[in-house]
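# Per-entry structural report
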Amino acid sequence: DTAVSQTPKYLVTQMGNDKSIKCEQNLGHDTMYWYKQDSKKFLKIMFSYNNKELIINETVPNRFSPKSPDKAHLNLHINSLELGDSAVYFCASSQLGTGLSGNTIYFGEGSWLTVV
Amino acid sequence: KQEVTQIPAALSVPEGENLVLNCSFTDSAIYNLQWFRQDPGKGLTSLLLIQSSQREQTSGRLNASLDKSSGRSTLYIAASQPGDSATYLCAVLNTGNQFYFGTGTSLTVIP
């Protein structure tokens with residue numbers, strides 16, 4: 001039973017298109033994230049939601065728009081895709097606020113986006 | 001702002017060797033530090049979590065240490081095996097409730 005699941009796993013699309021990646025977690029966590037991993041494996045935070053509210057919004061082009069319909073889901077919509085958007089996008093979840101020193105973060109398997 | 005650095009970026013060792021991966025962070029105001037493993041085409045899997053009040057954690061052939069005051073952590077892998085080949089990332093959870101990830105070490109264990 002997958003804890004954090006994201007779809008699609010692979011996505012190849014043309015420049016200028018709009019696409020969405022969906023994420024769901026069944027861990028009952030309050031906090032969800034989107035990370036971007038570049039070709040050098042560096043993980044960069046994009047967004048974080050806590051109980052459906054945006055709490056972290058790093059410097060990301062406004063073509064990227066997260067949507068959290070409920071605390072178990074955090075979707076990422078990307079408008080007008082560019083070549084530089086090609087990367088792996090990871091969804092993750094965590095339960096922050098209680099027992100903080102023991103808190104960990106759970107990742108989905110990633111969505112490989114290729115813009116051609 | 002917290003910065004997390006890992007050295008070396010890549011490491012190749014023969015099977016059976018013991019090895020050490022290094023992680024350093026600039027801000028010592030952390031709740032914990034974790035080591036993750038990432039296999040090709042997969043997400044990150046947590047290996048060890050060291051709380052800020054702890055000095056080390058062990059799991060099987062893995063031992064992670066934490067020196068919060070100097071901003072350093074090491075992951076020691078004993079008797080390495082080809083199945084240990086993966087990318088290893090460290091991450092700190094800041095007291096601002098944000099996770100910061102290191103740059104990763106790509107490990108190859110040669111049979």
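Here is a short report on the structure shown in this document.

Thresholds, definitions, all that
- Residues numbered from 1 in each chain as written.
- Chains lettered and ligands numbered in written order.
- Predicted model: local features only at pLDDT ≥ 70, side-chain atom pairs only at ≥ 80, totals over all residues.
- Heavy atoms only, no water.
- Helix = DSSP H or I, 4+ residues; strand = E, 2+ residues; numbered from the N terminus.
- Rg over C-alpha atoms; globule rule 2.2 N^0.38 Å.
- Contact = heavy atoms within 4.5 Å.
- Areas by Shrake-Rupley, 256 points an atom, 1.4 Å probe, with all protein chains shown as cover.
- Polar contact = N/O pair within 3.5 Å; in protein donor to acceptor, adjacent residues only side chain to side chain.
- Buried area = accessible area lost by both parts, 1.4 Å probe.
- Salt bridge = Lys/Arg side-chain N within 4 Å of Asp/Glu carboxyl O.
- Nonpolar A, V, L, I, M, F, W, Y, C, P; charged D, E, K, R; others polar.

In terms of regular secondary structure, chain B is built from zero helices and 11 strands. Counting helices and strands in the order they occur from the N terminus, chain B gives β-β-β-β-β-β-β-β-β-β-β. A globule of 111 residues ought to have a C-alpha radius of gyration of about 13 Å, and chain B, at 13 Å, matches this closely. Contacts in chain B between residues at least 24 apart in sequence constitute 55% of all its contacts with a sequence separation of at least 6. Element-wise, carbon and sulfur atoms account for 48% of the exposed surface of chain B, whose accessible area totals about 4900 Å².

The subject of this paragraph is the side chain of glutamine 37 of chain A. Tracing the backbone through its elements, the reader meets glutamine 37 of chain A in strand S4 (residues 31–37). At 3.0 Å, the side chain of glutamine 37 of chain A and the side chain of glutamine 38 of chain B are in polar contact.

How big an interface is tends to be reported as the loss of accessible area on association of its parts. Every contact between the two is made by 22 residues of chain B and, on the other side, 24 residues of chain A. Buried surface at the junction of chain B and chain A, both sides included, amounts to about 1900 Å², of which 57% is carbon and sulfur. A per-residue breakdown of the area chain B buries against chain A is headed by Gln98, Phe99 and Phe101 of chain B, which together make up 27% of the total. Residue glutamate 109 of chain A is joined to lysine 42 of chain B by a salt bridge in which the shortest nitrogen-to-oxygen separation is 3.5 Å. The interface formed by chain B and chain A holds four residue pairs in polar contact (both at pLDDT 80 or more) in total. Within the residue set of the side of chain B that touches chain A, elements represented by two or more residues are strand S4 (30–38), strand S5 (44–51), strand S9 (86–94) and strand S10 (99–101) of chain B. Top contributing element to the side of chain B that touches chain A by residue count: S4 of chain B, with five residues. Looking at the side of chain B that touches chain A residue by residue, the class counts come to eight nonpolar, 12 polar and two charged.

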